Structures are given as structure tokens and as C-alpha cells.
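# Remarks on the overall topology
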Amino acid sequence: METKNYAAKIGTLIQETRQSRGMTQQELATALGTSQSAINRIEKGGQNISLDMLARISDVLSSPIVSLNQPGSITFRVEGGHKLSGHIVTKTSKNAAVALLCASLLNRGTTTLRSVARIEEVNRIIEVLNSIGVKTRWFNESDLEITPPARLKLEAMDIEAAKKTRSIIMFLGPLLHQYRQFELPFAGGCSLGERTVEPHLDGLKPFGLAVETVTGKYKASTSPLKPERTIVLSERGDTVTENVLMAAALNDGTTIIRNASPNYMVQDLCFYLEKLGVHIEGIGTTTLTVKGLRDINKNVEYAPAEDPIEVMRFIAAAIVTKSEITIERAPIEFLEIDLKFLENMGFVYEVSDEYTARNGRTRLVDITTKPSTLTASVDKIHPMPFPGLNIDNLPFFALIAATAKGRTLIHDWVYENRAIYLTELTKLNAKVELVDPHRIYVEGPTNWKPAEIVTPPALRPAVVILLAMLAAPGISTLRNVYSINRGYEDLARRLNS
């Protein structure tokens, strides 16, 4: 990240902490033995600031602005036990952004994406794109311009960046029509157990893709084929559907995909492909009919829709701290089942009239949470493909269950490791019983207590622990938060706000 950007973020943290302490710029300046104008420059990110000055500011404000520990790691220090208030605006979808970055490889023209989530996962994909010759340019803070070269330099791919993201597997769909042979490193990402890529390979085989697995990489070879019959996906996965969709986009015929995911990031990809001139019927259903193009060369703009997972994160934060907050720009279509579960547990909230996202398609609302007393769910809580309870939202229900009176069974049938990470909540005094790698019992309500915890290597459980710390009166420490930064932009600053 640029030094100027860091200075601005640190300045904002200092300003927000000062204001929360009820201090003026002049009072802070006097305590530090400097001028009010110097504090003003620091808070606006216009002045370099030494570690010594940071330490002095932290002492005066009784709050560490930045924690330094082992190289390359970041630690959150959480002062819990406070109610939240105010409004928060939902950011656009991380999962959609990653898919759209991969899909930009289909287009020989320039793609401009609006309001992109600036997170580590996106950064890794951009690093990979840059390494193979794609030009990217950030402007207006969060808008991203993507311009591919005449031919990609796949042999120059940044392997280290590619290994850090599972999304690299979604290069298969865009590349298989354009290159007869290429290699991709094994997919990385969250440590959630054995996540097979076989459904991807099975779904792409009708387009002529053959993949040989060798040490540390996939060797792909292709022969131009058009699917002779309907492609039935063996798994209704989001990334599997996206990979096959991208392959279908450059097939100048008709491809029918059954058992497709109709989830939010898949819909965003469909809307983008339509901007490129691809014709898609059945968006939002499990059967997609795609009429692709032999070649795509078009300058387009697209704004991905807001992230339902982020909305549920703030709902969980409000529930666990018994707070009233308003979450703006929530994509209600992808939250209705989750909210129904919460209603049945006693959650009280208000919803505004609907309005439309910047993509012109997704329905949005504002959700205002009310302090609620919850009881345990009568039935077990388990996820299902959309329109069921969102798989990525399930960990938040473990946290919510810890605030509810009674015993709740959480069944995470998708990932065999994620439930294990949720047992870390016991360090904050929650009662979590591990039944097996997929199931936990959670008993509440919890008398939260602060703790020091090393962040789990999985995004959603990591955020769940951070949110639990908000409810624990006192000081908690969450060490090495890379897995959170991988999926969430400026989370600490936004919670502080």
C-alpha cells in the first residue's frame, strides 16, 4: 500500500480516537508539546509520523494506534463492552469483485469496475493479473480500470500471489478458449479442509479442457470443442458455476448449464457478461442458457452489488452488543432466509422501502436493528445453496446462538474444519461443544470475558471472534489478522466509526 494511503488511514484512526476521548486538536497538541496545525496535518494524512510520535499519541489517548509485532503481521486490540450506534454503508461484494477480475480476461477491451472492495484477496488477483501483462489502475479511491495486453504472459505469472488465493482456479474458464496450453498453481485461500477442484474440471471438460495435476500446479491443455449437450454441474458451487459461465461466454454457440448456483456473486457475473454482449437466460435460477461470442472486444463499466455477508456481519455485531444501528444498502434478496431464522429466535428489526443498486438490477434496503433478547433456535441451523441460509453466514449464527437463551445445534456440512475454529469462542467464555468436524452445540446466553487469541486461518471464524470481543467488557487482543484483511476492507476503522 502507498505510504500516503497509510498516513491517511493512521491520521483517521488518530482523529476518531481523539474525538471518542472528547479531546480537541489543540488539547492533543498541548499534551504532545506540538502545534494544533501539526495535529491537523497528521489527521489529514499530510505529515509523516515517526514511531516515537505514534507511541506518544497512543499514550496520551490511552489507545494504541498501531500494534507492531512479528514482521508482516497486524494485531487488533479491542476494547469491548460498548454499545454500537449510527449508520454504516454496506460495501460491494468481495466475491463478486474476484469473479469480475477473472472475467475481465475474457474481454480484449477495457473493463472499468466501480466501487471495488480494496481487500487482500482482490490485491492478490491484481498482482497475478499485473504479472501476466494486464494493466490495472485505481482511481477515485475504489474504481478500477483493467486493460489486457494483446497476449498474456502466462509464463511470467506471480506464483506466490497466485498460491495465496483459491480464486486462481477461476482463470481456467477465461483462458481455455484463448490458449492451447497453460499452467496454474494449486489454489490457496482459507484453511477449511479438502475442497476438491474436480467439479470445476468436470464442468469445463465439455469445452475441451484437460488438466494434468503435477507437483504444485495444474497443467492445462485444450482442444476447441463446443458442448454437445447440457452441462450438469456435479456441485451447485458458486465458483464452479462462474468458471463454466466464463467458458460459455467465449463459446459462440448455446450452452445450457443445470444445477447452477443462483447466488449473488454469480448474478453479478451474469450482469457483467451481458454488458459484454453475452446473452443469458435464467439469471437467478439453477438453469442458465448462455449464448456466447467468438470474440469480445468492448470497453465497459460495471458496478458490483453490495455484499450480503457484510450485512450479516454488522447484524451479528448489533445483536451481540445489543445495539441499534442502521445498515444501509443491504441486498435483501440474499438475506431474507437468514433474517427469517433470526426473527424466529426473537430478533427485532425494521426494513426500509426497496431501491436499486448501481448495477440497476439488485434490490436494496436499509435495515435498522433493535436491541433484542433471543432464544435458541428450535431446529438446527444449517446452510443450503441459495436461496437457503447463506453458507458464508453460518459462522455468524454460532456467535448469535451464544447470545441466545438455550442450546443450538450448528451444522456446517460444507467445510470439515470451520466448526473446529468456532470453538475458539470458548476462550471468550462462550459454551461451545464440538460434536464432530461439522457440528457444534452452542449454549447461551454468554457472560463474555476478554481474552488474547491468535486469529484462525479462515475468514468467517476470524471475524466471528473479533465480533465476540466487541461484547466482552475489557481489553481483548486478536493477533495476526491477515485472514480478516483478506476479505474485509478497513474493518477496524469502520467498527470504530
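Preceding this paragraph is the structure being described.
Here is what the cut-offs are and how they apply
- Residues numbered from 1 in each chain as written.
- Predicted model: local features only at pLDDT ≥ 70, side-chain atom pairs only at ≥ 80, totals over all residues.
- Heavy atoms only, no water.
- Pairing = 2+ DSSP bridges.
- Helix = DSSP H or I, 4+ residues; strand = E, 2+ residues; numbered from the N terminus.
- Axes fitted to C-alpha atoms, helices over the stretch in contact; angles between N-to-C directions.
- Parallel < 35°, antiparallel > 145°, perpendicular 65-115°, else oblique.
- Contact = heavy atoms within 4.5 Å.
- Nonpolar A, V, L, I, M, F, W, Y, C, P; charged D, E, K, R; others polar.
- Core = buried A, V, L, I, M, F, W, Y, C linked by side-chain atoms within 4.5 Å.
- Buried < 20%, exposed > 50% of the residue type's maximum accessible area, 1.4 Å probe, protein only.
- Polar contact = N/O pair within 3.5 Å; in protein donor to acceptor, adjacent residues only side chain to side chain.

Turning our eyes to something else, we now look at the pairing of strand E5 (residues 143–147). Where strand E3 (residues 111–113) and E5 come together, three bridges link them in antiparallel fashion. From the neighbouring strand, threonine 111 faces E5, where its bridge partner is isoleucine 146. The pairing of strand E4 (residues 135–139) with E5 spans five bridges and is antiparallel. Across the sheet, lysine 135 pairs through a bridge with threonine 147, a residue of E5. Between E4 and E5, which pair antiparallel in sequence order, lie three residues; one of them, asparagine 140, sits at a positive phi of approximately 50 degrees.

Two elements in contact, helix H5 (residues 94–103) and helix H6 (residues 120–131), have axes whose closest approach is 10 Å; the angle formed by their N-to-C orientations is 5 degrees. One finds that H5 runs roughly parallel with respect to H6. Along the contact surface, H5 presents Lys94, Ala97, Val98 and Leu101, while H6 presents Glu121, Val122, Ile125, Ile126 and Leu129. Among the residues forming the contact of H5 with H6, the class breakdown is seven nonpolar, no polar and two charged.

Mapping leucine 374 onto the fold places it in the loop between strand E17 (363–370) and helix H14 (394–403). Ignoring sequence-local partners within four residues, the contact set of leucine 374 consists of Ile319, Met345, Gly346, Phe347, Ile400, Thr403, Ala404 and Lys405.

A separate point is the nonpolar core. Across soluble globular proteins, nonpolar side chains show a tendency to be buried alongside one another. Counting residues in hydrophobic clusters, the biggest one holds 139 residues, and the most contacted among them are Phe171, Leu245, Leu273, Ile315, Leu428 and Trp448. Once residues lying within four places of it in the same chain are set aside, the contact partners of isoleucine 315 are Ile327, Leu339, Leu342, Phe347 and Ile367. Of all hydrophobic cores here, the second largest spans twelve residues; its members include Ile14, Met23, Leu28 and Leu61.

When you tally the buried positions in H5, you get ten out of ten residues, the bulk of the element. Every buried residue belonging to H5 is among Lys94, Asn95, Ala96, Ala97, Val98, Ala99, Leu100, Leu101, Cys102 and Ala103, and all of these are buried. Where H5 starts, the residue carrying a side-chain oxygen 3.3 Å from the main-chain nitrogen of asparagine 95 turns out to be serine 93.

Just distances and angles here, no functional claims.
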